[in-house]
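# Geometric and topological summary
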Amino acid sequence: MFLRRILTGGMGAVAMAKVKETTGIVGLEVVPNAREVLISLYKRTLKEIQAVPENEGYRKAVESFTRHRLQVCLDEQDWEMIEKRIGCGQVEEIIEEAEDELKLIAKMIEWDPWGVPDDYECEVIEDDTPIPKHVPQHRPPPLPEEFYKTLEAITSKPAPKDEPSTQSKD
């Protein structure tokens with residue numbers, strides 16, 4: 001109580017921003033200027049993703065969520081509101097995610113997965129060697145007979161024009 005009066009000048013309202021003392025996660029230190037760090041990382045991410053071709057899904061996804069998160073950081077001053085609006089953990093964890101994304105962008109540019117020529121043909125190697133019994137084959141079980149009956153009914157008969165096909169009569 002006494003400390004609050006000293007910090008606020010006796011007015012009752014705290015003039016200082018909320019300070020996070022710990023993340024509660026072993027090895028993850030508090031970042032006091034997390035908002036500024038995130039803004040910097042997101043701007044760098046948007047710059048570096050430009051090396052990926054425009055029509056690639058990876059680029060579109062990274063640009064989309066990075067722009068959203070950058071806008072949240074620009075709109076909000078409080079680290080608690082940033083955490084709440086992004087909804088992916090503490091700001092320190094979000095910083096780690098942004099740093100990891102930057103590393104991944106560099107790797108994706110190096111690997112160039114979108115650089116496969118249109119006329120590239122993959123060689124298919126067939127091997128009839130029997131699989132040992134102790135090795136699981138991970139084959140799904142056959143679908144129930146009802147599935148095939150329903151599928152045949154849907155594909156063979158058009159629905160009556162007066163009734164929608166998705167509603168059932170009870």
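A brief report on the enclosed structure follows. One numbering rule holds for all chains: residues counted from 1, following each sequence as written. Under the rules for a predicted model, residues below a pLDDT of 70 receive no local features and side-chain atom pairs below 80 are neither given nor counted, while totals for whole chains, interfaces and linings still include all residues. Side-chain measures were taken over the full set of non-hydrogen atoms in the model, leaving aside hydrogen atoms and water.

### Description of unusual backbone geometry
One non-glycine residue with positive phi stands out, namely Asp112, at about 50°. For Asp112, the position within the fold is in the loop between helix H5 (91–111) and helix H6 (145–156). Helical segments are the DSSP runs of H or I of at least four residues, strand segments are the runs of E of at least two, and each set is numbered from the N terminus.

### A look at the nonpolar core
Definition used in this section: a nonpolar core is a set of buried Ala, Val, Leu, Ile, Met, Phe, Trp, Tyr and Cys residues joined via side-chain atoms within 4.5 Å. The rule is simple: take the accessible area with a 1.4 Å probe, protein chains only, and divide by the maximum for that residue type; under 20% is buried, over 50% is exposed, in between is partly exposed. Membership of the largest hydrophobic core comes to 17 residues, with the highest contact counts inside it found for Leu38, Tyr42, Cys73, Ile82, Ile86 and Val91. At the level of secondary structure, the elements contributing two or more residues to this core comprise helix H2 (34–48), helix H3 (57–75), helix H4 (79–86) and H5. Whether two residues are in contact is decided by their heavy atoms: any pair within 4.5 Å suffices. With near-sequence residues (within four places) excluded, Cys73 lies in contact with Arg35, Leu38, Ile39, Tyr42 and Ile82. Counting residues in hydrophobic clusters, the runner-up holds seven residues, among them Val52, Val62, Ile105 and Met108.

### Some thoughts on the packing of aromatic side chains
Working definition: an aromatic ring pair is given by the centre-to-centre distance plus the angle between the planes. Classification of ring pairs uses Phe, Tyr and Trp, with its six-membered ring standing for Trp, and accepts pairs whose centres are within 6.5 Å; under 30 degrees between planes counts as stacked, over 60 as edge-to-face, and the remaining range as tilted. Per the stated rule, a full pass over the model turns up one aromatic pair. Here the aromatic rings of Phe147 and Tyr148 are separated by 5.4 Å at their centres, their planes lie at 80°, and the arrangement is edge-to-face.

### Section: the side chain of Glu83
Relative to the assigned elements, Glu83 resides in helix H4. Those residues in contact with Glu83, other than ones at most four positions away along the chain, are Lys20, Cys88, Gly89, Gln90, Val91 and Glu92.

### Structural notes on H4
Within H4 the residues assigned to the buried category are Trp79, Ile82, Glu83 and Ile86. Each buried residue of H4 sits inside an arc of 100° when the element is viewed along its axis, so together they form one side. Where H4 ends, the next residue or the one after it, Gly87, has phi of about 70°, a positive value. An arc is given here, and it is the one of the directions from the helix axis to the C-beta atoms.

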